[in-house]
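The primary structure of each chain is shown beneath.
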Amino acid sequence: MAFLALEGLTKRFGPYLAVDGLELTVGQGEFVSLLGPSGCGKTTTLQMIAGFVEPSAGRILLGGQDLAGVAPNRRGLGIVFQSYALFPHMTAAENVAFGLEMRRVPRAEREARVREALALVGLAGFEDRFPRRLSGGQQQRVALARALVIRPEILLLDEPLSNLDAKLREEMQIELRQIQRRLGTTTVLVTHDQGEAMALSDRIAVMNRGRIEQVAPPHEAYERPATPFVASFLGKTNLLAGLVRDGADGPVFVLDGFALPAHGAAPGPAIATVRPERIAFADAGAGLAGTVAARVFQGSHWMLSVETAAGTVLVIRQNTGAEMPREGAAVGLTWSPQDMAVRRAEP
Amino acid sequence: MNRNGWIALTFHALFIVFILAPIVVVCVVAFTPEGFLSYPTHTWSLRWFRAIARYPEFVDAFFASLWLGLLSSAIAVALSVPAALAIARHRFPGREAITALFLSPLMIPHVVLGIAFLRFFTEIGLGGTFAGLVISHVVIVLPFALRLVLASAAGMDRAIENAAVSLGASGLTTFRRITLPLIAPGVASGWALAFIQSFDEVTMTVFIAAPGTTTLPVRMFLYIQDNIDPLVTSVSAAVIALTVLFLIVLDRLYGIERLLAGRAVGQDDR
Amino acid sequence: MIARRVVPWLLVGPALLLFVAVVLIPIAMTLLLSFHRWGQFTGIETVIVLDNWREVIEDPYFAEMFLRTFRIAVLVTVAAALIGAPEAYVLHRMRSPWKGIFLLIVLGPLLISVVARTLGWALLFGGETALVNIVLLRLGLVAEPVRFMFTETGVVIALTHVLVPFMVLAVWASLQRMDPRVDDAAVSLGAGRATVLWRIVLPQAIPGILGGAIIVFALAASAFATPAIIGGRRLKVASTLAYDEFLNTLNWPLGAAVAVLLLVALAAIIVAANRLVERRFAQVFE
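Residues numbered from 1 in each chain as written. Chains lettered and ligands numbered in written order. Predicted model: local features only at pLDDT ≥ 70, side-chain atom pairs only at ≥ 80, totals over all residues. Heavy atoms only, no water.

A count of helices and strands for chain A gives 8 helices and 20 strands. Viewed in the frame of its principal axes, chain A has a C-alpha envelope of about 75 × 45 × 35 Å. Per-residue burial over chain A gives 49% buried out of 347 residues. For chain A, long-range pairs separated by at least 24 residues make up 66% of all intrachain contacts whose partners lie at least 6 apart in sequence. In the structure as shown, chain A presents an accessible area of about 16,000 Å², 50% of it carried by carbon and sulfur atoms. Taken together, the 36 basic and 36 acidic charged side chains of chain A have centroids lying 6 Å from each other. (Helix = DSSP H or I, 4+ residues; strand = E, 2+ residues; numbered from the N terminus. Buried < 20%, exposed > 50% of the residue type's maximum accessible area, 1.4 Å probe, protein only. Contact = heavy atoms within 4.5 Å. Areas by Shrake-Rupley, 256 points an atom, 1.4 Å probe, with all protein chains shown as cover. Lys, Arg positive; Asp, Glu negative; His and termini not counted. Charge placed at Lys NZ, Arg CZ, Asp CG, Glu CD.)

When you go through chain C residue by residue, the secondary structure sums to 12 helices and 2 strands. Reading chain C from its N end, one meets helices and strands in the order α-β-β-α-α-α-α-α-α-α-α-α-α-α. Once the C-alpha set of chain C is aligned to its principal axes, its extents read approximately 75 × 75 × 30 Å. When burial is assessed residue by residue, chain C has 52% of its 286 residues classed as buried. Contacts in chain C between residues far apart in sequence, at least 24 positions, make up 68% of those at least 6 positions apart. When the accessible surface of chain C is summed, it comes to about 13,500 Å², and 68% of that surface belongs to carbon and sulfur atoms. Here chain C holds 22 positive side-chain charges and 17 negative ones, and the gap between their average locations is 10 Å.

Bringing helix H3 (residues 60-93) of chain C into the picture now. In this model, H3(C) (34 residues) spans 49 Å end to end at C-alpha, consistent with the 50 Å of a helix rising 1.5 Å per residue. At C:Ala81, H3(C) is deflected by roughly 25°, the largest bend along its length. (Expected span 1.5 Å × (residues − 1). Bend = angle between axes of the 7 residues up to and from the residue.)

This next bit is on the side chain of C:Asn133. Residue and element names in this part refer to chain C. With respect to the helices and strands, asparagine 133 occurs in helix H6 (residues 131-138). For asparagine 133, the side chain forms a polar contact with the main-chain oxygen of valine 146, separated by 2.7 Å. Excluding its chain neighbours within four sequence positions, the residues that come into contact with asparagine 133 are Phe125, Pro145, Val146 and Phe148. (Polar contact = N/O pair within 3.5 Å; in protein donor to acceptor, adjacent residues only side chain to side chain.)

Looking now at the nonpolar core. B:Phe102 and B:Phe221 are the most contacted members of the largest nonpolar core, which has 257 residues in total. B:Phe221 has contacts with B:Val202, B:Val206, C:Val115, C:Phe224, C:Ala225, C:Ala228, C:Ile229 and C:Tyr243, leaving out every residue within four places of it along the chain. In this structure, A:Leu255, A:Leu304, A:Val306 and A:Val315 belong to the second largest nonpolar core, which totals 24 residues. (Core = buried A, V, L, I, M, F, W, Y, C linked by side-chain atoms within 4.5 Å.)

A few words on the interface of chain B and chain C. Residue-level contacts link 91 residues of chain B with 91 residues of chain C. Here chain B packs against chain C, burying approximately 8,200 Å² in sum over the two surfaces, 78% of which is carbon and sulfur. For the pair chain B and chain C, the number of links is 0 salt bridges. If you look at where chain B meets chain C, you find 3 residue pairs in polar contact (both at pLDDT 80 or more). The residue inventory of the side of chain B that touches chain C, partitioned by class, reads 65 nonpolar, 15 polar and 11 charged. (Buried area = accessible area lost by both parts, 1.4 Å probe. Salt bridge = Lys/Arg side-chain N within 4 Å of Asp/Glu carboxyl O. Nonpolar A, V, L, I, M, F, W, Y, C, P; charged D, E, K, R; others polar.)

Residues and elements named next belong to chain A. The 4 strands lie next to each other as S2-S1-S4-S5, forming an open sheet whose pairing is antiparallel. Of all strands in the sheet, those bounded by a partner on one side alone are strand S2 (16-27) and strand S5 (65-66). Where strand S1 (residues 2-13) meets S2, 8 bridges bridge the pair, whose relative direction is antiparallel. Residue pairing across strands places alanine 2 opposite glycine 27, the latter belonging to S2. (Pairing = 2+ DSSP bridges.)

Of note, the phi angle at A:Arg151 is positive, near 50°, even though the residue is not glycine. Mapping A:Arg151 onto the fold places it in the loop between helix H4 (136-148) and strand S7 (154-158). On the basis of relative accessibility, which here comes to 55%, the residue A:Arg151 falls in the exposed class. Positive phi values are uncommon outside glycine, yet C:Phe150 reaches one of about 65°. By secondary structure assignment, the location of C:Phe150 is in the loop between H6 and helix H7 (152-176).

Another aspect to go through is the environment of C:Gln176. All names here are of chain C. By secondary structure assignment, the location of glutamine 176 is in helix H7. Here glutamine 176 falls in the buried class, since its relative accessible area comes to 5%. Taking the C-alpha atoms as reference, glutamine 176 lies 7.5 Å from histidine 92; in sequence the two are 84 residues apart.

The next subject is the packing of H7(C) against helix H9 (residues 193-221) of chain C. In a packed pair of helices, the relevant descriptors are the angle between the two axes and the axis-to-axis distance. All names here are of chain C. The interhelical angle for the contact between H7 and H9, taken along N-to-C directions, is 145°, at an axis separation of 8 Å. Helix-helix and strand crossings are classified by hand; for H7 and H9 the assignment is right-handed. Along its contact with H7, which presents Leu159, Leu163, Phe166, Met167, Ala170, Val171, Ser174 and Leu175, the element H9 presents Val201, Gln204, Ala205, Gly208, Ile209, Gly212, Ala213, Ile215, Val216, Leu219 and Ala220. Split into classes, the residues belonging to the contact of H7 with H9 amount to 15 nonpolar, 4 polar and no charged. (Axes fitted to C-alpha atoms, helices over the stretch in contact; angles between N-to-C directions. Left-handed = near helix turned anticlockwise from the far one by under 90°.)

Let's shift gears to the domain arrangement of chain A. Residue and element names in this part refer to chain A. Assigned domains of chain A: these are domain 1 (4-233) and domain 2 (238-344). Between domain 1 and domain 2, the C-alpha centre-to-centre distance is 39 Å. Opposite the 7 residues of domain 1 that make contact, domain 2 presents 4 residues. Regarding the contact of domain 1 and domain 2, the summed buried area is about 550 Å², with carbon and sulfur atoms giving 36% of it. Counting across the interface, domain 1 meets domain 2 through 1 salt bridge. Arginine 278 serves as the salt-bridge partner of glutamate 223, at 2.8 Å between the closest nitrogen and oxygen. Between domain 1 and domain 2 we count 4 residue pairs in polar contact (both at pLDDT 80 or more) in total. Among the secondary structure elements, those contributing two or more residues to the side of domain 1 that touches domain 2 are helix H7 (218-223) and helix H8 (228-233). (Domains from an automatic or database assignment.)

Residue and element names in this part refer to chain A. One open sheet accounts for 5 strands, arranged S13-S12-S11-S14-S20; its pairing is antiparallel. The open sheet has two edge strands with one neighbour each: strand S13 (258-261) and strand S20 (340-344). The mean inter-strand angle of the sheet, taken between neighbouring strand axes irrespective of direction, is 40°. Judged from the 5 bridges that link them, strand S11 (residues 238-247) and strand S12 (residues 250-255) form a sheet pairing that is antiparallel. Bridge pairing links glycine 247 to glycine 250 in S12.

This part is about the packing of helix H6 (residues 130-154) of chain B against helix H8 (residues 171-200) of chain B. All names here are of chain B. Packing of H6 against H8 leaves a shortest axis separation of 8 Å and a crossing angle of 155°. Between H6 and H8, the angle is such that the two are roughly antiparallel. Judged by the twist between their axes, the crossing of H6 over H8 is right-handed. Side by side, H6 and H8 meet where His137, Val141, Phe144, Ala145, Leu148, Val149, Ser152 and Ala153 of the first sit next to Ile183, Gly186, Val187, Ser189, Gly190, Leu193, Ala194, Gln197 and Ser198 of the second. (Parallel < 35°, antiparallel > 145°, perpendicular 65-115°, else oblique.)

All right, on to helix H7 (residues 158-166) of chain B then. Judged by how many residues are buried, H7(B) sits mostly within the fold: 8 of 9 residues are covered. Within H7(B) the residues assigned to the buried category are B:Ala159, B:Ile160, B:Glu161, B:Asn162, B:Ala163, B:Ala164, B:Val165 and B:Ser166. As for H7(B), its buried residues are in contact with strand S6 (77-80), helix H2 (92-102) and H4 of chain A together with helix H3 (56-89) and H8 of chain B. Its side-chain oxygen placed 3.0 Å from the backbone nitrogen of B:Ala159, B:Asp157 serves as the N-cap of H7(B). Two residues or fewer past H7(B), B:Gly168 is found with a positive phi of approximately 105°.

Further remarks concern the packing of aromatic side chains. Residues and elements named next belong to chain C. In total, this model carries 31 aromatic pairs over all chains according to the counting rule given. Here phenylalanine 70 and phenylalanine 217 contribute two aromatic rings whose centre-to-centre distance is 6.0 Å and whose plane-to-plane angle is 25°, an arrangement assigned as stacked. Here the residue phenylalanine 70 occupies a position in helix H3, and phenylalanine 217 occupies one in helix H9, the gap between them amounting to 147 residues. Exposure class is identical for phenylalanine 70 and phenylalanine 217. Each is buried. (Phe/Tyr/Trp six-rings, centres within 6.5 Å; stacked < 30°, edge-to-face > 60°.)

Now for a nonpolar patch on the surface. Residue and element names in this part refer to chain B. Taken together, the side chains of Phe63, Trp67, Leu70, Leu71, Ile75, Phe130 and Trp191 present a nonpolar region at the surface, about 610 Å² in accessible area. Sort the elements by how many residues they give to the nonpolar patch and H3 lands first, with 5 residues. Its location among the elements puts isoleucine 75 in helix H3. Classification of isoleucine 75 by relative accessible area gives partly exposed; the value is 35%. (Patch = residues over 30% accessible without salt bridge, like charges linked within 9 Å, V, L, I, M, F, W, Y side chains within 5 Å.)

Right under this line is the structure:
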C-alpha cells in the first residue's frame, strides 16, 4: 500500500517543463531516492511535496489524503535542507525545539524530546552551541535532529550531505541509514550523487529532464539499467558500438573480430553496455585487442584505459596484488555474455 | 599585499588634511574667548557654548530636529521592512519601477522636492505644519532605510524561512521568530542612517519649515546667511561632536562603508 | 492560490501609496505650476501659458546661471575623481586597523551636517580666520591673497570637499571586488608597479569612478547650502535661484520652471551617462 503517491505530478515554469507527469509511490517506512543530474526536476519535485512550490498538474497523496490545499506548515513533514538552514540566532537545542514549540508540546516533554533527538544524532552535550560554532557535520546532525524530533510522517532530504567532505560524507551515510532504519521513518532523498543514492536507498528513482527513467532497488538498477541514461548515470559504463549477426547457436555480438553470444538480439547495428569491473584480461591473442593508454592506481583497485578498434574502453580491476599490464602493453579484453546488455543502435 | 609608498602616503596625508580642515576649524574657533571670529591663541573659552542656552531658537530647533528625525526614521523603517521583503522575495509586475520610485528621492534634487512639497502642502492645508515636515522627511529618508533592509533581506537564505514553515510555523510566526531577528542588523542601521539623514537635511526643509517648526540645520543656515559669528560656530561644533559620537557607535556596530554603500562590500581584510 | 499574488502588493502597498501621493502628485503639480501665470499684484493665476518657460529659455540671465551651475558641477566631478580615486586606492592597500580608521575619517563627513562643513570653509576662506590664504602666502605659492568667498573657485573647493566621499566610496567598492591575486599574476608576468596600476588596477576601477562621477555630478548640480553660503547672494546657481524666486520674490511659477528644468536636464544627463557606462563597460560589470 502506497503511503506517499505522486500521480501525474507536473510543474511548468513558463514554457519550461521542469517536472513532466511524474508517477511514483513510496511505501510506509521505505527509503526512496530521487537521483539525477542538476536541472532534472528532482528538487522541484521535493519542493512540491513540501508545499513550497505549487504543482501545475497532478496530485500528491499522503496516506490517501490529497495534499493540495494543505499549507506547507500543516503538512507535518521533516525537511533537511542542502544548506541545513539552521536558525543562526538560536542554539542547537532551540533549533530542535522550534517545531515542538509550534506544536505546543508542553515544556517538560519538549526538553526531554530535544535531548533525546540530539542524543540520537550523537550530539548530546552540544545543546547550547550556536550553529556558527558547530562544524559542518555537526550542523548537519542538528538539522537532522530538528527534522526528526517532530516525528514527521515523511522525512525529506535535499542533498543533505553535499556540503560535507568525502570522508565525513561516508560516515554520515552509514549513520543516516541506521537512524532511518531504527525509526522507520518514510524517507525521500534528493541527490545527484549516485553513490549516496545506492548506499542509502531501498529504491532509486533515476530522473532525467523532468521524467523518471527507472525505479528499482539500487542493485537492480545498476545491474539492469532500463535506459542508456540510467546505465551511464549509475556508475561507470562502457558503450561499445558493434554489429549483431545470426550465428550457428543464435545471434552473436561482433566487435572487431571478437564475438560473444547475444541472446534475443535482433540482427543489425547494436550498442553493448558493459561495466568496467566486469571486463577481464584474456589470454594472449584472444578477446578484443587493445593497447593500454593509461593506468591509475586507486588503492583498492586499478583503473585502466585501453585503446581498441571500438574506441576507448575503461577497465577496473580489483587490486589482488597481481601484476597489471603497463602503459603501451598489448592486451586482449573479454567479458561474460551475461554481463553485457545489447541494444539496437539508434539510427 | 604591498604597503603604500611614500608618494601615496604624502598624498593621503594631504587628503586627510583637506577632509578634516574645515571640520577642525569650526571646532577650534568655537572655543574662542573673543567676541568675534578668531582662533583661541591664548586661552580656550566655553563662553560661546554657554551662550547657546540663551538663544532658545537654537535649542528649540534642536529638539524639533530630534523629534522629526526619530519620528520620520521610525515611520520610514516601518514602511521599508515589508516593502524590502516584497522586493527581495517576490516577482511581481512593476517591481523594478516601484523600486526605482522608492529610491528616486536619492536622485531628485532636494530643491525640486522642497518646491513640490511646498506647493502640495499649501494646497492640502498642511503648509508649515510639523505633520507636513514628518511626511516629507519620511519620503526623503526612506531610500536609505530601504537599501539597507533590502541588502540584509536579499542576503538571507530563503531555506531558513522554509525550514521554519516546514516545522509548522505560520507566516506571522516565521516573520516574528526568524525573519525579523535575522534582518535586525540591517533594520537597525537603516534606522540610524535614516535618522541622521533627517537630522541633517536642510535643502528641502528650508522650503517647508515655518518659524514654529524650523529644524536645527535650517536655523543654522538662515543664521549664517545673515552673519557668521562665534555663536553659530559653537552650535556647529556641538552638532559635529554629536554626529561624530553617533558615527563611532555606528561604525563599531555595523561598519561605516557597509552603511553608506547600502550593501555588504566584503571582508575587511582580504 | 490567489493569496500569493496579493501578498507583495500588500507589503509594498503602504509605501507605494505614500510615494504616489507625496512624490508623484506634488512633482506633477510643480510641472503644472511652471505653466501658470504670476503677477506682482495678482499672484498665481491658474491658466496654462508658456511665459515662464519662454523667460527661462530666452533670458540670457538664466542661460548664464545654468551654464555656471553645470560648469561648477563638471569641475567638482573632475576634482573629486582626481583626488578621490587615488585616495580610495591608498585606503584599499592599507592594513588594519589603519584602513578602518581612515575609512571612518574619509567617509564620516558624509553624515556631518553640510551647513557645519560649509561654515568651516567660510571660516577658512574669509575674515580673521582665513587660514588658506595665510598658508598659501607663507609657502610663496601666491603673491597676494586669493579671493575664495563669493567666487566659483571657493564654491568648487567647498563642494568637492562635501562630495568627494561619494567618489571614494564608489571606487572603494569597485576595488573591493578585485581579486588581489590578479595584481600578483601581473607582477609574476614581469609587470612593474606603474604598469600594474595603469594596465590592471585602473581599468577595473573605471566603472567605480564613472559610477561615483554620476553621483557627484548630480549632487553638485543640485547643491544648495554650499553655493548659498560660499557663493553668497550674487553668485547664483539653479537651486539658489529657485529658492529666491520662491521665498523672496514669491514668483512661484518661475521658480517652478527653473526647478523643473534642473530636474529634466539632470535626469537627461544621468540617463545618458548611465547608458554610456553600461554599454562601454557591460563586460566589466559582472
